[in-house]
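# Commentary on secondary and tertiary structure
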Amino acid sequence: MDLGGCWLLEVDIRKFFDTLDHAHLRELLRQRVRDGVLLRLIDKWLSAGVLEGLELTYPEAGTPQGGVISPLLANVYLHYVLARVVRGGGEATTQGSRLPGTLRGRLRHGFACEADARRVLDVLPKRFGKYGLTIHPDKTRLVPFVRPPYRPAAAGSASAPAPGSFDFLGFTHFWSRSKQGSWVVKRATADSRFHRAFKAIADWCRLNRHLPIGEQHQTLWQKLRGHFAYYGVIGNLRCLQRFRYQVLRVWQKWLSRRRRRGRWPWARFNEFLRRLPLPYPPSRVSPCVVNL
């Protein structure tokens, strides 16, 4: 927010975990890892076979799906690939510093200059292709995440385009006004994560409606507390309240299926919740600092 926003690149890599090149990965690991035992252990992970049904195959590329080592190897691989993209193969520089000969502006989590972002976007397909990766053109986009002007443009003058939004770590980040009237970056639960979490609880209520109500209440309490603990950031209270209401609604629905006399009326269900309440979103949510 101190920089006034930035230009962001959202890049989608086609079948990344299936196409990761083993030779390039081994070369990148040897630049930092000197322990031969650890390198041989990683080689065993990469060369392990994949059992699909009754067929055992040994893929020549990619990392084991679901393996605990896969996210770590993916981060190592992309760290070097992206560093060479934005720095032209040069050495890494201090975060936030100017990159001579490659970029004009500062680079943190985004680009300070639109020209730098478009230059990197142009070279990404070729650079990624050298490492055996393919970018999905329809899912890769440039997001102008720049702070809006403090005052609206005058009538008849050219107004700046509205800033875009992006999803990261389960949150949708967007510019909005604070209570004091200044522009700040706010976060809300991403729609995809909201629906995925709600569907998981709805399926659990449907499959476990035969359990004693006390056990159902204890499990739902834990699920809501976990959801609130992760998504409880400043500005996201409305999404948390909506999520709790949807959980109450679906729980009432499947509890009503246990009764032969039809649905529980909301008046009776609310009386039931006074005896077995579910947690509310925290009134004071934790701050989530995003450096742009």
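It should be emphasised that the depicted structure is a prediction, and the values quoted were computed from it without experimental measurement. (Residues numbered from 1 in each chain as written. Predicted model: local features only at pLDDT ≥ 70, side-chain atom pairs only at ≥ 80, totals over all residues. Heavy atoms only, no water.)

### As for the sheet that holds strand β7 (residues 183-189)
- Strand order across the open sheet formed by 3 strands is β5-β6-β7, with antiparallel pairing between neighbours. Looking at strand neighbours, the two that pair on one side only are β5 (166-168) and β7, the edges of this open sheet. For this sheet the average axis-to-axis angle between neighbouring strands, irrespective of direction, equals 40 degrees. (Pairing = 2+ DSSP bridges. Helix = DSSP H or I, 4+ residues; strand = E, 2+ residues; numbered from the N terminus. Axes fitted to C-alpha atoms, helices over the stretch in contact; angles between N-to-C directions.)

### Points about the packing of helix α6 (residues 191-207) against helix α7 (residues 213-231)
- It is the contact of α6 with α7, at a shortest axis distance of 11 Å, that shows an interaxial angle of 170 degrees. As summarised for this structure, α6 and α7 are arranged roughly antiparallel, according to the angle between their axes. In this structure, α6 uses Arg193, Ala197, Ile201, Trp204 and Cys205 to contact α7, whose residues at the interface are Gln216, Thr219, Leu220, Lys223, His227 and Tyr231.
- When its residues are assigned to classes, the contact of α6 with α7 shows 6 nonpolar, 3 polar and 2 charged. (Parallel < 35°, antiparallel > 145°, perpendicular 65-115°, else oblique. Contact = heavy atoms within 4.5 Å. Nonpolar A, V, L, I, M, F, W, Y, C, P; charged D, E, K, R; others polar.)

### As for a positive patch on the surface
- On the surface, Arg209, Arg249, Arg257 and Arg263 cluster together into a patch of positive charge.
- With respect to the helices and strands, Arg257 occurs in the loop between α8 (237-256) and α9 (266-275). (Patch = residues over 30% accessible without salt bridge, like charges linked within 9 Å, V, L, I, M, F, W, Y side chains within 5 Å. Areas by Shrake-Rupley, 256 points an atom, 1.4 Å probe, with all protein chains shown as cover. Salt bridge = Lys/Arg side-chain N within 4 Å of Asp/Glu carboxyl O. Lys, Arg positive; Asp, Glu negative; His and termini not counted. Charge placed at Lys NZ, Arg CZ, Asp CG, Glu CD.)

### Notes on unusual backbone geometry
- The backbone phi angle of Lys15 is positive, close to 45 degrees, even though this residue is not glycine.
- Take Lys15: it is sitting in the loop between β1 (5-10) and α1 (16-19).
- Located in the positive-phi region is Leu169, a residue other than glycine, with phi close to 55 degrees.
- Considering the arrangement of structural elements, one finds Leu169 in the loop between β5 and β6 (171-177).

Shape descriptors only; they carry no functional weight alone.
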